[in-house]
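Below are the chains, spelled out letter by letter.
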Amino acid sequence: MLQAGWIGLGRMGGNMVRRIIDAGTVELFLSDLSTERVAALAKGMASGAGSVAEMLGRFTQGRRIVWLMLPAGEATETTFQEVLGGLGRGDIVIDGANSKFSDTVRRAAQARAKGVAMLDVGVSGGIVAAAHGYPMMIGGPREAFETCRPLFESFGLPGGWGHVGEESGAGHYVKMIHNAIEYGMMQAIAEGFDLLARGAYPGVDLHAVAEIWRHGTVVSGFLMDMTEAALRRDASLTDLAPHVDDSGEGRWAA
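Rules behind the numbers
- Residues numbered from 1 in each chain as written.
- Predicted model: local features only at pLDDT ≥ 70, side-chain atom pairs only at ≥ 80, totals over all residues.
- Heavy atoms only, no water.
- Helix = DSSP H or I, 4+ residues; strand = E, 2+ residues; numbered from the N terminus.
- Contact = heavy atoms within 4.5 Å.
- Polar contact = N/O pair within 3.5 Å; in protein donor to acceptor, adjacent residues only side chain to side chain.
- Core = buried A, V, L, I, M, F, W, Y, C linked by side-chain atoms within 4.5 Å.
- Buried < 20%, exposed > 50% of the residue type's maximum accessible area, 1.4 Å probe, protein only.
- Pairing = 2+ DSSP bridges.
- Axes fitted to C-alpha atoms, helices over the stretch in contact; angles between N-to-C directions.

Undergrad: Where do I start with the environment of V83 in this structure?
TA: When you line up the elements, V83 lands in helix α4 (residues 74–86). Considered as a pair, V83 and V66 are 17 residues apart in the sequence and their alpha carbons are 7.9 Å apart. Beyond its immediate stretch of four places on either side in the chain, V83 contacts I7, V52, L56, V66, L68 and V93.

Now the structure itself:
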């Protein structure tokens, strides 16, 4: 059975781990700054580890795999360096954050110098994927990808994940472009519904429009489904802030 270490049990990481535990095909060693999160998930084939050193010492097979599911930037950088310091030739480190692809290229070069393979995984789907499986765009050496296939299978969306390139950073690059497209689509939907709300026919039933548009039209899809759900809950959208924090991918793509 495949063994893997997992660092980062926030909303997304925690839900991914729950799916892996439910699949019952991978033994996990869990770590997070919150001991409560670790305790809540440490069951079945998942156990907690109090430190990176303890986690790496838990492996009983020759090849160690460690997945980082942390915020991109300093948190990922610091933990990556700590994990890399404990890994050796043949081991694999996976970054599932929305890291900038150029940072991934640099980290992968450091890993290769130690004989460690690095995979970079762009993960999508948010809270909906917790129920159905996670779409993933995976970059890095195919041999390492194949080794980790049982891990991806345990929580990935069937048909919605795969290897997108041998070069390090390919997964994060593809995810960056995915998010840039997503932001453009979100903006287009927002401007379109603003024209409906304040245009020539301001009495248009916005929820009815979203319901029609999400069934087989050329603008149907996940984002239109979310638009319909939001308008169903609150036709005036008064509970939604008109601002979303910038996570970086749009600017990086531009």
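Undergrad: Hey, could you run me through the environment of E211 in this one?
TA: Here E211 is to be found in helix α10 (residues 206–213). Separated by 16 residues in the primary sequence, E211 and T227 have C-alpha atoms spaced 8.8 Å apart. Of the polar contacts made by the side chain of E211, one reaches the side chain of R214; its length is 2.9 Å. There is a polar contact of 2.8 Å between the side chain of E211 and the side chain of H215.

Undergrad: How should the nonpolar core be read in this particular structure?
TA: Where a protein is soluble and globular, its nonpolar side chains tend to be buried together. Membership of the largest hydrophobic core comes to 34 residues, with the highest contact counts inside it found for W6, W67 and F152. Sequence-distant contacts of W6, defined by excluding residues within four places in its chain, comprise G13, M16, V17, I20, F29, L30, S31, M55, W67, M69 and F155. One finds M55, F59, V66 and V116 within the second-largest nonpolar core, a separate group that totals 19 residues.

Undergrad: Explain the sheet that holds strand β6 (residues 117–123) to me, please; I cannot follow it from the model alone.
TA: The pairing of strands in a sheet happens through backbone hydrogen bonds and is either parallel or antiparallel. One open sheet holds the eight strands; their spatial order is β3-β2-β1-β4-β5-β6-β7-β8, and the pairing between them is mixed. A single partner strand is all that each edge strand has here, and the edge strands are β3 (46–48) and β8 (156–165). Going from strand to strand, the sheet's axes swing by 25° on average, the running direction of each strand aside. As judged from the six bridges shared by strand β1 (residues 2–7) and strand β2 (residues 26–31), these two strands associate in the parallel manner. Among the inter-strand pairings, A4 is bridged to a residue of β2, identified as L28. In the packing of helix α1 (residues 11–23) onto the sheet, the strands contacted are β1, β2, β3, β4 (65–68), β6 and β7 (134–139), and the crossing angle to β2 comes to about 155°. The sheet contacts of helix α5 (residues 101–113) involve β5 (92–95) and β6, and relative to β6 the element is tilted by about 155°.

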